[in-house]
Amino acid sequence: QVQLVESGGGLVQPGGSLRLSCAASGITFSIYAMGWYRQAAGKQRELVATITSGGSINDADSVKGRFTISRDNAKNTVYLQMSSLKPEDTAVYYCNAQFLQTIYWGQGTQVTVSS
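Nothing here was measured: the structure is a model prediction, and the numbers come from that model. (Residues numbered from 1 in each chain as written. Predicted model: local features only at pLDDT ≥ 70, side-chain atom pairs only at ≥ 80, totals over all residues. Heavy atoms only, no water.)

Undergrad: When you look at the packing of aromatic side chains in this model, what are you seeing that I'm missing?
TA: Using the criterion set out here, one finds three aromatic pairs in the structure. When the ring of Y32 is compared with that of F99, the centres are 5.7 Å apart and the planes differ by 45°; the resulting orientation is tilted. On the criterion of sequence distance, the pair formed by Y32 in the loop between β3 (18-25) and β4 (33-39) and F99 in strand β9 (residues 91-99) is long-range, its members being 67 residues apart. For Y32, a relative accessible area of 8% puts it in the buried group. (Phe/Tyr/Trp six-rings, centres within 6.5 Å; stacked < 30°, edge-to-face > 60°. Helix = DSSP H or I, 4+ residues; strand = E, 2+ residues; numbered from the N terminus. Buried < 20%, exposed > 50% of the residue type's maximum accessible area, 1.4 Å probe, protein only.)

Undergrad: Help me understand the nonpolar core, please; the structure alone is not making it clear to me.
TA: The nonpolar side chains of a soluble globular protein tend to be buried, and buried together. Counting residues in hydrophobic clusters, the biggest one holds 28 residues, and the most contacted among them are M34, W36, V78, L80, M82 and Y93. Of all the secondary structure elements, the ones that give two or more residues to this core are β3, β4, β5 (46-51), β7 (67-72), β8 (77-82), β9 and β11 (109-113). In this structure, V78 is in contact with L20, S21, C22, F29, M34, W36, I51, I69, S70, R71 and C95, ignoring residues within four places of it in sequence. (Core = buried A, V, L, I, M, F, W, Y, C linked by side-chain atoms within 4.5 Å. Contact = heavy atoms within 4.5 Å.)

Undergrad: Is there a simple way to think about the sheet that holds β3 in this case?
TA: The strands that make up a sheet pair up through hydrogen bonds in the backbone, lying either parallel or antiparallel. Taken in spatial order, the four strands make up an open sheet running β1-β3-β8-β7, and their pairing is antiparallel. Strand pairing shows two members of the sheet lacking a second neighbour, β1 (3-7) and β7, which therefore form its edges. Sheet twist, expressed as the mean angle between neighbouring strand axes with direction ignored, is 15°. Strand direction decides the pairing type here: β1 and β3, joined by five bridges, are antiparallel. Each bridged residue has a counterpart across the sheet, and for S7 the counterpart in β3 is S21. (Pairing = 2+ DSSP bridges. Axes fitted to C-alpha atoms, helices over the stretch in contact; angles between N-to-C directions.)

Next comes the structure, spelled out in structure tokens:
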């Protein structure tokens, strides 16, 4: 019933840009905090950015100034605009939705930054 479906991943050159989308269904989207997380090969999953139902944003230090999270409640979609991409941004990017103690995850989309 509940689905978070990421899209927009792919191969991009260093310095390039990419926009990820996460379309949610089966939840009252507007009340959920939404987030993006990533997991590089051999590493732990880490926070990239979150946006609350009220629009408050928290970014990881590693992406500050380069990535922008946003949400469109009318479309039940959260976005991650990524720019100035670096090879170390290579990871599987996961969409997350949280309301109180209820948490959902998408299945992830691969982002590879390479020449």
